[in-house]
Every structure is written in structure tokens, then in C-alpha cells.
Amino acid sequence: MPPSKHIQSFLSRIPELRDADQRAFLYSDLDQQRVDNPDGYQEAQKFWTQLLLSACKQGLLSTAHTPQPRLNTTLASSDEDDEDDVLDRTQPIEDSEHTEAASVLCFERAGLAARLAFRGDTPTGVDGIVDEMERSGVVVEAGDYLAGSTVRRWAGRFVRRVPVVGRQMAALAWGVQDPQITLDSSLVVRSLVEAAASRVTDAHYARAACALTDNLLSMDVFREQYAQPVLTTRGKLSLEDARLVLRCLEDQRQATSTVVEAGDSHVLVKFAMRRAQRVQPVTEADRNAFHVVSTRDMIARQVTALESRVLELDHKARHAIVHKLRQQALGYLRLKRHVESDVLAKRQQALDNVERIVLKLQQAASDVQLLQAFRSGTCALKGLNEQAENMHAERIFDDWADQALHADEIQAVMDDGAVVADGMHVDDDVLEAELDALLAADEQKEAAPDKQKEAAASDKQDTADEDMLADALNKVTISPEHKASEPNVADTKQDRIAMLAE
């Protein structure tokens, strides 16, 4: 198969492939490089693994009979863009005129080198890289992945090695899907499938109200409803990817699927009632409820189509009126009235009736859950009561009272022993007097420095007063007449001070 223009555009944005020397190395026989240049081989293996996973995420490696998706315009567009950005910023974008995307979770090994040809070079070592990816568990054959259990995987490998007729008979006998018929020689990327299954689970329990009908889906509804989490764009999930995601959910006990009628549209997909629970096998009640839900969805699609038909007829009638086509406009209006009154009204009434049935089923399922909760609670309470009876509650409380009384008696004895060990009784008044004496001694010790400070301050004040009086006395002048009249007045300084003091 020649390379498509989409993958060519993808490859042209990878710096290593734009460089002729690096491209020559990466497109060479890498098996020889494993021996001659081990480090270079490891780098090449890492490069090709990342490139294949990135191209697979965009649906560029799918050979399904659906148009190839357009290359994401958010990829690197300049020479300066980093390689990791080129290989990581991936998002599948499908053609607007188509509703189903190519597979983004697996790629076909056949013709892979030819699809990756770039500027006249074909990667001769890509098959060895894929072998290494398979040995390391990065990819696995689709038949082995869909088989699930170990026995079914070995049965699937046996089925692929027998002729077509024998392969079909063996597949029926072992219950193994024929990979040659379903997914050809596809290789499943485990990490992509697990990530997609996780996103689908998140999306489902974000919208589901834990009702019975919310967890029962047809394959068509599953592919339409969960295309956004897997493809990150509008469209319809490919049948191959839907089967792979369901296989992963079944391994995680989050969902299960079974065929209720021939055809993929009649495959019943059942999710667990809650995320923390494991999914239960499909019951007859599930099948009947699924039939009601399928009928509701079918009538809803019919109502939507009829409403679109009414709008279309109204548009045509207005267009005919604009162009003066009276009879044609009358025909459109007559047909519009017939669709609205006779067909659409009946379909809407039928849809209302089926919706009421669905609500009844949801209410009944809710009642069953409530009764199951009561039954579980009753069983738990019964078990606890039996344990309490076996423990003889009355005897336990009697023993507790006896032991508590015995503990009080022991404590009383211990208190009496402590009094005896303390010796003779000491009068509290004596203790109070001794305590007061100790407090008084402490107060005296605290007051002694203060008294010393007061005495020193008093001496200093006396000295200052004496100096002041002496200065004042020096300033006093005694006349000779006064001296003669009072001969007993002291002449000395000390006598003068004494006189002033008097």
C-alpha cells in the first residue's frame, strides 16, 4: 500500500527525518546496527517506538476501509519545533463528511514499511523494531488480546495456524474470534487501549445515574457515545477500537458484552452498577430491559428524523413561495401537515409510552437495590446479634460489677497502707506555723537590701544638707557691733553651722 498524504505530512514534521543523514541511519537495516552500534540501535528503537505510537494515536497507520483522518494542525509546523512536541501533540481529526474514524488503538503490520516510506526511502528495519516492541509487551497481536484468558489465547494462536474452514470451525468450538476475519494482522498498543478504557470509564460514570438502563448499551450507542473520550473528537468509534476497549473493560471487571441478536447493533454492553463494584453477568432481565431501551432509542431516532423532515418541508415550501410556485408550496405544506399530525404525533406518543416503561424499570431496579441493602443490613445485624448472644451479655456485666467492687476494695486497702507508712499524724497547725516562719524569713531577706539603700540615701541627704547650710552661713556677714555685744557667739565654722541649725 503506498503511503498516504496524511502520513507523509506527519513524517515531514519530524526533524530527524528531514535531515538526510539521520534519515539514512534510521531507515537502514537496524539489525546490523544492533551489533555494530548498540547505542545507536537503542536510540533508533526509542525513536521508532515513539513514532509508531504517535502515528497510531492519530489513526495514520490504519488500513481500514474508512477515509484516513486529516493530520492534526496542532503538530509542529516549523524547523525549530522539538521532536517530543512533534511526536506527542497528537489528536485524530476526521474528515467532516465521514462519521467513523480509523483505528487509533492498533495498527496492521502488513505493509507497514511501505506506508512509512518518505522521500523515496523505505525503512528496512521497522519490522525488527516491531518484533522488539512485541517481545517487550508494548504491542500484542489482536487475536491474543481479544482472547482474554490464557487458554483462549493459546486457542487463538492455534486458530490462526489452520486453514480458513478449519479456523472457522475451531473458532466456533473454542469460542474464539477469528483474528483473520475481524482484525486481520493488527497489533494492539496496550498502553493506548488501557488509557482509552480508563477515559471511557470516567465518562460513563460521570453521566450515568447508576440506574439499570444507564448501564445497558448497544454496540452502536457505545461507539457513538464514547468516541469523544477515545478519539478526543466527534465521530464514531471504529468497530476494532470498540472491541479492544470492551476487552480491556472486561479484564478489569468493569463491563461485559454479549450478543443478543445477529449483528453488531444487537451486541449488549453492560457496565457495573457502580465503579467500585464488579460487573455481574447478563441476566434475562437485562436482556428484556435492553430490548425496551433499544426500542426507545429507535423511536427517538425516528422522531428526530421526522422533525428534521418537517423542517425540510417547511424550508421547501417557503422557497417555493418565494419563487411563486403556489401548487408546489401547497404540496409541501400538505405533506408537512401529514407528517406532523399523522406520523410524528404517533411516534412521539409511542416514545412517551416507552419512556414510561423505562422509568418503571428504573424504579423497579432501584427498589431491588434498596431491598438488597436491607437484606444485607439484616444479615449483618443478625450476625452481630448472634455474636452478642454467644458472649452472654448479662454475665459479662455481672462480672464487671464484681470486679469493679473488688477494685474499690483494693484501693481502700492501698489508701490505709499509705497512711500507716507515713508514721504518726502531724498537726496541721504546726505545719502552718512553720510555713509562716519560712515566709517571714524570706520577706526579711528581701527587705534587707532595701533598708541598706534607704540608710545610704539618708546619709547622703544629711551630707548634702550640711553642705548647703555651710554655704549659706558663709554668705552671712556679722557686724562688729554685734560681735562686741555678743561675745559668746562662736567664731568657728562649726559653731556657725550649729547656730544656723538652731
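So, a few notes on the structure that sits alongside this text. Just so it is clear, the structure is predicted and the values come from calculations on it, not from any experiment. Sequence order as written defines the numbering, with residues in each chain counted from 1. Local features in this predicted model are restricted to residues whose pLDDT is 70 or higher, and side-chain atom pairs enter the listing and the counts only when it is 80 or higher, whereas totals over whole chains, interfaces and linings include all residues. Just so you know, side-chain values use all the structure's heavy atoms and leave hydrogens and water out.

## Examining the overall build of the chain
Okay, so step 1: Scanning the chain from terminus to terminus reveals 22 helices and 6 strands.
Okay, so step 2: Remark: exposure states derive from per-residue accessible area (1.4 Å probe, protein chains only) relative to the maximum for the residue type, with buried under 20%, exposed over 50%, and partly exposed in between. Counting over 502 residues, the chain shows a buried share of 34%.
Okay, so step 3: Only heavy atoms enter the contact rule, under which two residues are in contact if any of them lie within 4.5 Å. For the chain, the share of sequence-separated contacts (at least 6 apart) that also reach a separation of at least 24 residues comes to 66%.
Okay, so step 4: Under the convention used here, a 1.4 Å probe and the Shrake-Rupley method define accessible areas, while residue burial counts only the protein chains that appear. In the structure as shown, the chain presents an accessible area of about 31000 Å², 54% of it carried by carbon and sulfur atoms. Secondary structure counts use DSSP, requiring at least four H or I residues in a row for a helix and at least two E residues in a row for a strand, with both numbered from the N terminus.

## Some details on the pattern of salt bridges
Okay, so step 1: Any Lys or Arg side-chain nitrogen found within 4 Å of a carboxyl oxygen on Asp or Glu counts as a salt bridge. Applying the stated criterion across every chain yields a total of 15 salt bridges.
Okay, so step 2: The partner of Arg34 in a salt bridge is Glu132, with the nearest N and O atoms 3.9 Å apart. Taken together, the residues span a long stretch of sequence, with Arg34 in helix H4 (residues 30–36) and Glu132 in helix H8 (residues 126–135) at a distance of 98 residues.
Okay, so step 3: With a relative accessible area of 19%, Glu132 lands in the buried category.
Okay, so step 4: The residue Asp314 makes a salt bridge to Arg318 at a minimum N-O spacing of 2.9 Å. Residue Asp314 and its partner Arg318 are located together in helix H17 (residues 284–322), separated by 4 residues, close to a single helical turn.
Okay, so step 5: By relative accessible area, which is 54% here, Arg318 ends up exposed.

## A closer look at the sheet that holds strand E6 (residues 267–271)
Pairing between sheet strands relies on hydrogen bonds along the backbone, with the strands arranged either parallel or antiparallel.
Okay, so step 1: Any two strands between which DSSP finds at least two bridges are classified as paired. Taken together, 3 strands build an open sheet; the order of strands is E4-E6-E5 and the sheet is antiparallel. One side of each edge strand has no neighbouring strand; the edge strands of this open sheet are strand E4 (216–218) and strand E5 (255–259). Within this sheet the neighbouring strands show an average axis-to-axis angle of 25°, counted without direction.
Okay, so step 2: As paired elements, E5 and E6 share 5 bridges and run antiparallel to each other. Bridge pairing links Ser257 to Val269 in E6. For every element, the axis is a line fit to its C-alpha atoms; helices are fit only across the contacting stretch, and the angle between N-to-C directions ranges from 0 to 180 degrees.

## With respect to the environment of Leu52
Okay, so step 1: As for its placement among the helices and strands, Leu52 is situated in helix H5 (residues 38–57).
Okay, so step 2: In contact with Leu52, not counting residues within four places along its chain, are Leu61, Leu112, Leu116, Val126, Val130 and Met133.

## Notes on the nonpolar core
Okay, so step 1: Counting 67 residues, the largest nonpolar core has Trp48, Leu51, Phe222 and Phe271 as the members making the most contacts within it.
Okay, so step 2: The dominant element in this core, judged by the number of residues it contributes, is H5, at 9 residues.
Okay, so step 3: In this structure Phe222 touches Val200, Leu217, Leu237, Ala242, Val245, Leu246, Val269 and Phe271, once residues within four positions along its chain are discounted.
Okay, so step 4: Formed by 12 residues, the second largest nonpolar core is a distinct cluster that contains Leu306, Val310, Leu313 and Leu351. Residues enter a nonpolar core if they are buried and are Ala, Val, Leu, Ile, Met, Phe, Trp, Tyr or Cys, with the set joined through side-chain atoms within 4.5 Å.

## Notes on the environment of Ala345
Okay, so step 1: Examined against the element boundaries, Ala345 turns out to sit in helix H18 (residues 326–390).
Okay, so step 2: When the C-alpha positions of Ala345 and Val303 are compared, they lie 9.0 Å apart, and in sequence the two are 42 residues distant.
Okay, so step 3: Each residue touching Ala345, except ones within four places of it in the same chain, is listed here: Val339 and Glu340.

## Structural notes on the pairing of strand E3 (residues 186–189)
Okay, so step 1: Along E3, one buried face is formed by Ser186 and Val188 and the opposite face, lined by Leu187 and Val189, is buried too.
Okay, so step 2: Pairing of strand E1 (residues 106–108) with E3 involves 3 bridges; the strand directions are antiparallel. Across the sheet, Glu108 pairs through a bridge with Ser186, a residue of E3.
Okay, so step 3: In the sheet, strand E2 (residues 139–141) pairs with E3 via 3 bridges, with the strands oriented antiparallel.

## Let's talk about a negative patch on the surface
Okay, so step 1: In this scheme, patches are assembled from residues that exceed 30% relative accessible area and form no salt bridge. Like charges are connected within 9 Å, while nonpolar side chains (Val, Leu, Ile, Met, Phe, Trp, Tyr) are connected within 5 Å. Charge convention: Lys and Arg are scored as positive, Asp and Glu as negative, and His as well as the terminal groups of each chain are ignored. Positions of charges follow a simple convention, taking NZ of Lys, CZ of Arg, CG of Asp or CD of Glu. Negative charge collects at one region of the surface, where Asp442, Glu443, Glu446, Asp450 and Glu454 lie side by side.
Okay, so step 2: Judged by relative accessible area, Asp442 falls into the partly exposed class, the value being 41%.

## Some thoughts on unusual backbone geometry
Okay, so step 1: The phi angle at Arg119 is positive, at roughly 55°, despite the residue not being glycine.
Okay, so step 2: Mapped onto the elements of the fold, Arg119 is located in the loop between helix H7 (112–115) and H8.
Okay, so step 3: Despite not being glycine, Lys324 has its phi angle at roughly 65°, a positive value.
Okay, so step 4: Here Lys324 lies in the loop between H17 and H18.

## What to know about the sheet that holds E1
Okay, so step 1: Spatially, the 3 strands line up as an open sheet ordered E1-E3-E2, and their pairing is antiparallel. Across the chains shown, the open sheet's two edge strands, defined by having one partner strand only, are E1 and E2. For this sheet, the mean inter-axis angle between neighbouring strands, taken without regard to orientation, is 30°.
Okay, so step 2: Where H8 meets the sheet, its contacts fall on E2 and E3, and the angle it forms with E2 comes to roughly 90°.
Okay, so step 3: Across the sheet, helix H13 (residues 190–207) is in contact with E2 and E3; its angle to E3 comes to roughly 60°.

## A few points about helix H16 (residues 239–251)
Residues three or four positions apart in an α-helix share a direction because the helix packs 3.6 residues into each turn.
Okay, so step 1: Its 13 residues place the ends of H16 19 Å apart at the C-alpha level, agreeing with the 18 Å of an ideal helix rising 1.5 Å per residue.
Okay, so step 2: With 11 of 13 residues buried, H16 is to be regarded as a mostly interior element.
Okay, so step 3: Considered for burial, the residues of H16 that qualify are Leu239, Asp241, Ala242, Arg243, Leu244, Val245, Leu246, Arg247, Cys248, Leu249 and Glu250.
Okay, so step 4: Positive backbone phi, approximately 60°, marks Arg253, located one or two places after H16. A helix is expected to span 1.5 Å multiplied by its residue count minus one.

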